[in-house]
Structure formats: structure tokens, C-alpha cells
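Structural characterization, general
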Amino acid sequence: MTGYMIRRVFMGLIVIIIVTILVFLLIRLLPGDPLLMYLTQQQFRDTLYDPAQLAQLQARFGLDKPLPMQYISWIADMFRGDFGESISLQEPVSKLILDRMPVTLHLSIIGAIFATVFGIGFGIICALRRATWLDTVLTFMANIGITIPSFWAAILLIYLFGLKLGWVPIGGYTSPFDDLWLNTRQIVLPVFCLSLFGLAANTRLTRSCMLEVIAQDYVRTAWAKGLKERVIVLRHIIKNGLIPIVANMAFLVAGLFGGSVIIETLFNIRGVGRLLTTAILGQDYMIVQTSTLLFVVLITFSNIAVDISYGWLDPRIRYD
Amino acid sequence: MADSSKSGAQLNDAIGLDVPLKKYSEFRRTVSVFFGRPLPVVGLVIITIFIIITIFGPWMAPYDPIIDMDVMNSLAHPSSEHLLGTDELGRDTLSRLIYGARTSLFIGIVVIGVSTAIGVFLGLVAANSTGALHHIIMRITDGLMAFPAIILALLIAGLLGGGLQNIIIALTVGMVAPVVRITCGMALSVKENEYVTAARAMGAGNLNIMLSEILPNCFAPILVMMTMGIGSTILAEAGLSFLGVGITPPTPVWGRMVNDGYKYLLTNPELSFAPGLAVMLVVFGFNMMGDGLRDALDPRLRGVV
């Protein structure tokens, strides 16, 4: 087990290194010069930019050095806690992200809990009540859930609960420490929309895994031994049927961070997702590279955690 | 058997079997499983209608989606003149929806075609090479898989700028990695089969084995992945154009239509509702068809469904 854990962590670190290279190259090699954009925004569009000023800016952001040197100094700076400065907002990127990260994490964690608890719950109900109307309805809803565009679900819910019924505000985010009730009402819709896909995917996955386990010989043996239904379901079916769901957790995390880009923009929430969207549209690449990297590194860590717990749950995996 | 001169018919009589032995067709079985359940058929019907709309759209649309601006009638509610109403420039929503279908399907097919070709090639190469090449391909795949698809596409599209070609590139990059991983995994497990050893014993080379033994046996999961992939590409493209990265206006695209209509949610909700519903129906169609294909093609489920 220790060897397996060390291998997984090592692989994860390699993935993180590759990811830093990918992010770095994507931003440097694709067209679109952020400094030029910055200069033309600063001065008016009809005046030509000053080449000397451009060179000065390039030196300030370290863009005049060759690519490998830029990469190394970028990594070295990050280890010192220096993530660069936003070109358009003129603020340190670390401050911008630190301000917004708690918001994104708050939404994502509640979304993850919601998607896991209800997704697994619905999946178990479907599998145990297979081919009843309850199964049909829940499975159909799950099929809709993996299909519906999150932004459209958000707009439908805003229209119904925000505009028509007026039960919840249609956007914004207040810290739960300032006003817990307002915060709860503000995050109900965003969290639901964020977790909708994961919830539906979990329901479908749990249902099919449980159905597979229910057909196993040891489950029949458990029935034949005369065990109570509750014991069979909890000890024999759920415990074994949930292993693939754990493996799916990393996708859930990736989906939540990916969704935050759209949902935070739509609900006007000051989180990292919206910061990233505005930065990409405004080509503020210091923000783009740091927040993308942050998301991807968090996803990789959750991948490692999932792999390790997976190996612990199912010993066969360790010897792959 | 004592009398070896007995014909097949006599043998049938002897064992009491009067049903003529039918030739077993795998294709026929797959088709009957696929059509045996309602949801895959619903999916197929939706996709067929969608394809008909994309082909015959210009003859079906009542107005031109871009130049027919009925300014006097802007933000009109649904009426017999404009079945789904008009947007803020007086353009007919139904016509824009019909033309938007073309963009969606075109992007979906091109992105999935290109990414499957690249992904299958790289996956087969990775499965058949040992050492450095295998690790380089698979580790870069791992790296790409760690990005949420929408963020990777947004990043590339944002840096390349809008336009059809750039959106296709951005979405393709994100779609390649899962194809590589699944093809490589499939190919590695297919390689363990006896018929591959047999082919090798008969003197078949690496390339020959890859193309005529391994690739055909990876076909089913790749087909399922392509079907579902078109759906998720259409969904991702809608997300990108919703955020304002994507096909440049005035070309009608569903995601942007949802966003444009969002401003008028209180007065004209149909402007946002209609294109979003279109995205959902089409993606639902591809997902259900993919589900049906997977169940029909999976040999482990033979006889179960």
C-alpha cells in the first residue's frame, strides 16, 4: 500500500509539472499580445503605441527573456509566493485570487456534498426499486440532468424563483458571516446549477453499479442466509457498489470548477471562476495562468486522493 | 454417431428439433436490441429531425436569420407571423434557431471527427510503443485530462480569438485526451487476446496487427464515445458562445442567443428559453443514442438486454 501511495503521489507530481508547462506554453505561444492590448487601451486607439514603452513593459513583466528562462523564473517566483501582477487591474494576482477563492470553494464544497449525497441516494433508490414508476421518473430526470446546459437551467430557475416567485435574489454573494440567511438564499440556485450535472451523473452511475452488484452470487447467498434486507443493502450491496462512485469523485471536482466559470458569471458572484472568465476575455494572462493552474492543481490533488482511497477500498487496483 | 450418412434434416428429426437453424447475425441482434427500448429510439428520432433541419434549414426557415430585421416588430411575442417572436433587432427567433442548428451540428461533427482521428492514432501508437514514447503521450494526456473541458476550451478560444475555425481548434484539443486514454486502454487489453498472438505467429507485423486485429475490436467503444462526444461538444460550444467566446455575431448560435435573450428575461423569456431547449433536446438525443448503442454493442450484456 505504501509503495502504491508513493507511486500515485509521484505520478501526480509529474502531471502537475506537465500541467504547468502546458499552461505556460498555451499562454505564451498563442497569438494575442496582452501588453500591446494594455498599451492600446491606455492610450487611445488612434494613437500609435511607443516601442520604447513596450520594451520597458516587457522588461517589467520579464517577457524579454527566452521561453525556458521565463518558465523557470515563473516557477521560482511562485515558490516565493509571487504570482505576478494583474495587467489590467494593477493588483497582485495572489491577492485577487485569495479574496475570491473562499467564495468558489464555499460553492464547490456545498455543491460536491449535495451532488454526492443526493446522487448516491437517488441511485440506490432506483436500483432497489428497479422498474417501478419511481425508478423511471428518477432515471429520466437524471438523463435530463446530464443533458441540460447549466446556464440554461440557471436562467429557467432565475426566471421562476427569482423573477416570478421572488423567493431568492437573482445574483450576488454576501459572506455567510455577515448575513447567513441572505447568503443561503443567494447560493441556493448557483449551488444547485453547479451540482446538477454531478448529481445526475452520480445517480446514473450508482444505479448501474448497484444493479451489477445486486446480481452477484454473494448477494444471493446473503439473502439465502436469511439476513435482513437492511443488512444486505448496507453491508453487501452499497459497500461494494460504491467503489466506482469514489473513482468518479475527481470528475465531479473538475465539473464543479469548470461550472464555476459559467455559473459565477451568470449569478454575478465574485469568485475565481468569474475572475478567470473576465481575465480570459480581457487577455489578462497573469490572472489566467495562475487561476487556471490553481484549478488544475486542486483537481490533480483530488485525483491523487481518489486514487489512494480507491486502492484502499479495492486492493486489486494496487497491483495494476 | 453410428450412421454417418444421415443428412442434416434427418439429424434434426432424430434430436426432435423441427425449427430450421437460423443463421446468427450479430448485426441483426444489435439492431433489435437498440430498437427494443424506447429511449434510444427517441434519441434517434431527435437526431434525425435535427439533421433534416440542418440540411433543409434554408428552405424551412421563414425569414433570413441575419438580414431580415423587422425593426418595427422588435421584441415581438410569438404570433402567426413570427412563431417564436423576434429579438431586439426584429430578427425572427425561429429562423435563427434553424440556422443555429447548422452551426452546432457542423462544429459537433468536425470536432469529433478530427479529435477521434488524432486520438485513436495516438492511442494506438501509445499502446504499441514501450518506454519513452508511451510515457510522453500518456502523461501529456493525463495533463490535459486534469483541465476542466470548458476551461481549456475557453482558454484556447480566448487566446486565439473568436471565429468558427478557432472554436473548432479549442474544442478539439479538449476532446482528444479522453479518446487517447480509452483507445490506449482498449488496445492494451485487446492485445492480450489469443487471436493477436495467432496473427503474430503467422508473421503479421506491428502495423498489420494494429490495423486489422486491434482497431476493429476497439470499434464499438469508439463509436459510442463519438456519439456521446457530439452531444458534449454541442453543449461545450453553447457554453463558450454563452460566455461570449465563440462564433462572431451576427451568425446565429444557440449559446449566444440564450445570452442575448437573458437581458429580456422578464418581458420576453422565450428568447432565452427556446435556444436553450434546442441545445438540451439535441444533446439528450445524442446521449440516449449513445446509451442505446453501448448497451447493444457491449458483448457482456448479450442476452441480458
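Just so it is clear, the structure is predicted and the values come from calculations on it, not from any experiment. (Residues numbered from 1 in each chain as written. Chains lettered and ligands numbered in written order. Predicted model: local features only at pLDDT ≥ 70, side-chain atom pairs only at ≥ 80, totals over all residues.)

In terms of regular secondary structure, chain B is built from 12 helices and zero strands. Ordered by position from N to C terminus, the α and β elements of chain B give α-α-α-α-α-α-α-α-α-α-α-α. The buried share of chain B, reckoned over its 305 residues, is 43%. Taking all contacts inside chain B whose residues are at least 6 apart in sequence as the whole, residues at least 24 apart take part in 70%. (Helix = DSSP H or I, 4+ residues; strand = E, 2+ residues; numbered from the N terminus. Buried ≥ 20, exposed ≤ 12 C-beta atoms within 10 Å, placed from the backbone. Contact = placed C-beta atoms within 7 Å.)

Turning our eyes to something else, we now look at the overall build of chain A. Helix and strand counts for chain A stand at 13 helices and zero strands. Reading chain A from its N end, one meets helices and strands in the order α-α-α-α-α-α-α-α-α-α-α-α-α. Split into buried and exposed, the 320 residues of chain A put 37% on the buried side. Long-range pairs, those at least 24 residues apart, make up 72% of the contacts in chain A with a sequence separation of at least 6.

The subject of this paragraph is the nonpolar core. Among the nonpolar cores identified, the biggest contains 148 residues, and Ala 154 and Val 253 of chain A together with Ala 153, Leu 154 and Val 279 of chain B are the most heavily contacted of them. A total of 14 residues in this core trace back to one element, the largest contributor, which is helix H8 (residues 180-214) of chain A. (Core = buried A, V, L, I, M, F, W, Y, C linked by C-beta atoms within 7 Å.)

Residues and elements named next belong to chain B. Direction vectors running N to C along helix H4 (residues 93-128) and helix H5 (residues 132-145) enclose 140°, while the axes themselves pass 8 Å from each other. Between H4 and H5, the angle falls in the class oblique. The element H4 and its partner H5 pack so that their crossing is left-handed. On the side of H4, the interface is formed by Leu 122, Val 125 and Ala 126, while H5 contributes His 134, Ile 137 and Met 138. Of the residues contributing to the contact of H4 with H5, the split by class is five nonpolar, one polar and no charged. (Axes fitted to C-alpha atoms, helices over the stretch in contact; angles between N-to-C directions. Parallel < 35°, antiparallel > 145°, perpendicular 65-115°, else oblique. Left-handed = near helix turned anticlockwise from the far one by under 90°. Nonpolar A, V, L, I, M, F, W, Y, C, P; charged D, E, K, R; others polar.)

Chain B puts 37 residues into the contact, and the matching count from chain A is 36 residues. Breaking the side of chain B that touches chain A down by element, the ones donating at least two residues are H5, helix H6 (149-160), helix H10 (219-242), helix H11 (254-262) and helix H12 (270-297) of chain B. Residue composition of the side of chain B that touches chain A, by class: 27 nonpolar, eight polar and two charged.

Below, the discussion takes up the environment of Val 297 of chain A. Residue and element names in this part refer to chain A. Structurally, the position occupied by Val 297 is in helix H13 (residues 285-313). Judged by the 16 C-beta atoms lying within 10 Å of it, Val 297 falls in the partly exposed class. Separated by 214 residues in sequence, Val 297 and Phe 83 have C-alpha atoms that sit 15 Å apart.

Right, let's get into helix H8 (residues 194-201) of chain B. For H8 of chain B, a buried count of zero out of eight residues is recorded, marking the element as mostly open to its surroundings. At the C-terminal side of H8 of chain B, Gly 203 of chain B shows a positive phi close to 100°.

All names here are of chain B. Of all residues in chain B, 89% attain a pLDDT of 70 or more, and the chain-wide mean is 82. Between the elements of chain B, mean pLDDT differs from a low of 55, seen in helix H1 (residues 8-14), to a high of 90, seen in H4. Long-range and interchain partners of residues 1-6, a stretch whose pLDDT sits below 50, account for one contact in this model, where long-range means more than four residues apart. Confidence estimates for the predicted assembly give a pTM of 0.85 and an ipTM of 0.83. (pLDDT = per-residue confidence, 0-100.)

Time to look at unusual backbone geometry. Residue and element names in this part refer to chain A. Residues other than glycine seldom take positive phi values, yet Ala 131 does so here, at roughly 65°. Counting through the fold element by element, Ala 131 comes out in the loop between helix H5 (93-128) and helix H6 (133-145). The phi angle at Asn 268 is positive, at roughly 60°, despite the residue not being glycine. Mapped onto the fold, Asn 268 is located in the loop between helix H11 (243-266) and helix H12 (272-281).

Owing to its 3.6 residues per turn, the α-helix brings residues three or four apart onto one side. Residue and element names in this part refer to chain B. Over its 24 residues, H10 extends 34 Å from the first C-alpha to the last, a length consistent with the 34 Å expected when each residue adds 1.5 Å. H10 sits mainly inside the fold: 19 of its 24 residues count as buried. Looking one or two residues beyond H10, the residue adopting positive phi is Gly 244, at roughly 95°. (Expected span 1.5 Å × (residues − 1).)

Residue and element names in this part refer to chain B. Relative to the helices and strands, Ile 51 resides in helix H3 (residues 38-60). Judged by C-beta crowding, with 13 C-beta atoms within 10 Å, Ile 51 ranks as partly exposed. For the pair Ile 51 and Arg 102, spaced 51 residues apart in sequence, the C-alpha separation works out to 8.5 Å.

Residues and elements named next belong to chain B. Its place among the elements puts Leu 281 in helix H12. For Leu 281, a count of 14 C-beta atoms within 10 Å translates into the label partly exposed. Separated by 235 residues in sequence, Leu 281 and Ile 46 place their C-alpha atoms 7.3 Å apart.

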